[in-house]
Amino acid sequence: MADTPLAQLAADASACTRCRLAGHRTQVVFGVGDPGADLMFVGEGPGREEDLRGEPFVGRSGQLLDRLMAEELGIGRDRCYIANVVKCRPPDNRDPLPDEIELCRPFLTRQIELVRPSVVVTLGNFAMRLLLGTTDGIRSVRGRVYPFGDAHLVPTYHPAAALRGGGTVVAEMRSDLVRAKRLLGWAT
Ligand code: URA
């Protein structure tokens, strides 16, 4: 028996066979970081590196996320919580399918309830659309803060988009993180 509700949820997820992604995974990538964090990042789904290591955002996208977190927020991943919309790697890094997202959603919903962050930063379209309940695209949605239960939601690009899109996208991501920093009361 796991010793906290979040650890129990992780144990439940590790045995999940609700969708076809279970048949492709090396392991479930549940989440990482401070279980009581004020700041939570939500990405899309594990890639190859994450599937092998069992931790979100440990590949190239994760390196960029770590760098932006350090430079704009002055924190490492131990000071926030990081999770994904789907907990298992989609084959060949394809997009997660609507039924996979819906079947995995209860895990993310419960993770957010248990961590109780005051700011959620969504990374890319999948997390933003799921949590805001919109079909709009990240370009038109980012740049603002959205109410999210008792918390605030700050949508930003997926770091993979920043790796592809270069300087302008990275600069916009930085300004989104500064927005989150202000909401957290971490700005000096
Ligand atoms: N991309 C994601 O959305 N999540 C990860 O964990 C890694 C890459």
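Treat the numbers as computed from the prediction; the structure is a model and nothing was measured.

Description of the overall build of the protein chain
- Helix and strand counts for the protein chain stand at eight helices and six strands.
- Counted from the first residue to the last, the protein chain has its helices and strands arranged as α-β-β-α-α-β-α-β-α-α-β-β-α-α.
- Relative to the globule expectation of 16 Å for 188 residues, the C-alpha radius of gyration of the protein chain, 15 Å, shows essentially globular dimensions.
- Projected onto its principal axes, the C-alpha positions of the protein chain cover 45 × 35 × 30 Å.
- Residues counted as buried form 47% of the 188 residues belonging to the protein chain.
- For the protein chain, long-range pairs separated by at least 24 residues make up 70% of all intrachain contacts whose partners lie at least 6 apart in sequence.
- Carbon and sulfur atoms provide 48% of the accessible area of the protein chain, an area that totals close to 8900 Å².
- When the 24 positive and 23 negative side-chain charges of the protein chain are each reduced to one mean point, those points stand 4 Å apart.

Side note on helix α5 (residues 125–132)
- Taken as a whole, α5 has its buried residues at Ala 127, Met 128, Leu 130 and Leu 131.
- Buried residues in α5 make contact with β2 (39–43), α4 (98–115), β4 (119–123), α6 (138–141), β5 (146–148) and β6 (151–156).
- Once α5 ends, the next one or two residues include Gly 133, with phi positive near 65 degrees.

Considerations on the site of the ligand
- Surrounding the ligand, one finds Gly 43, Glu 44, Gly 45, Glu 50, Pro 56, Phe 57, Asn 84 and His 158.
- With respect to the ligand, the backbone of Gly 45 contributes an N or O atom lying 3.0 Å from a nitrogen atom.
- Between a nitrogen atom of the ligand and a side-chain N or O atom of Asn 84, the distance comes to 2.8 Å.
- Summarising the interface, the protein chains cover 93% of the accessible area of the ligand, which totals 230 Å² for the free molecule.

Considerations on the packing of aromatic side chains
- Under the criterion given, the structure shown has zero aromatic pairs.
- When the ring centre of Trp 186 is taken as reference, the NZ or CZ atom of Arg 79 above it lies at 5.1 Å.

Comments concerning the pairing of β2
- The buried count for β2 comes to five of five residues, which makes it a mostly enclosed element.
- A two-sided burial pattern is seen for β2, the buried positions comprising Leu 39, Phe 41 and Gly 43 on one face and Met 40 and Val 42 on the other.
- Bridging between β2 and β4 involves four bridges; their strand directions are parallel. When the bridges of β4 are listed, Phe 41 appears paired with Val 121.
- With four bridges connecting them, β2 and strand β3 (residues 81–84) associate as parallel partners. Within β3, the residue paired with Val 42 across the bridge is Ala 83.

Focus: the pattern of salt bridges
- In this structure the tally under the stated criterion is 14 salt bridges.
- The salt bridge involving Glu 100 is made with Arg 20; its shortest N-O contact spans 2.6 Å. With Glu 100 in helix α4 and Arg 20 in the loop between α1 (5–14) and β1 (31–33), the pair connects residues that are 80 residues apart, well separated along the chain.
- On the basis of relative accessibility, which here comes to 1%, the residue Glu 100 falls in the buried class.
- For the salt bridge of Arg 174 with Glu 71, the shortest nitrogen-to-oxygen distance reads 2.9 Å. Taken together, the positions of Arg 174 in helix α8 (residues 167–184) and Glu 71 in helix α3 (residues 60–73) put the pair 103 residues apart, joining distant regions of the chain.
- Given the relative accessible area of 22%, Arg 174 is considered partly exposed.
- Ionic contacts of the salt-bridge type, sharing partners, join the residues Arg 20, Arg 94, Asp 99 and Glu 100 into one network.

What counts, and where the lines are drawn
Residues numbered from 1 in each chain as written. Predicted model: local features only at pLDDT ≥ 70, side-chain atom pairs only at ≥ 80, totals over all residues. Heavy atoms only, no water. Helix = DSSP H or I, 4+ residues; strand = E, 2+ residues; numbered from the N terminus. Rg over C-alpha atoms; globule rule 2.2 N^0.38 Å. Buried < 20%, exposed > 50% of the residue type's maximum accessible area, 1.4 Å probe, protein only. Contact = heavy atoms within 4.5 Å. Areas by Shrake-Rupley, 256 points an atom, 1.4 Å probe, with all protein chains shown as cover. Lys, Arg positive; Asp, Glu negative; His and termini not counted. Charge placed at Lys NZ, Arg CZ, Asp CG, Glu CD. Near = heavy atom within 4 Å. Polar contact = N/O pair within 3.5 Å; in protein donor to acceptor, adjacent residues only side chain to side chain. Phe/Tyr/Trp six-rings, centres within 6.5 Å; stacked < 30°, edge-to-face > 60°. Lys NZ or Arg CZ within 6 Å of the ring centre and 35° of its normal. Pairing = 2+ DSSP bridges. Salt bridge = Lys/Arg side-chain N within 4 Å of Asp/Glu carboxyl O.

These figures capture arrangement, not role.
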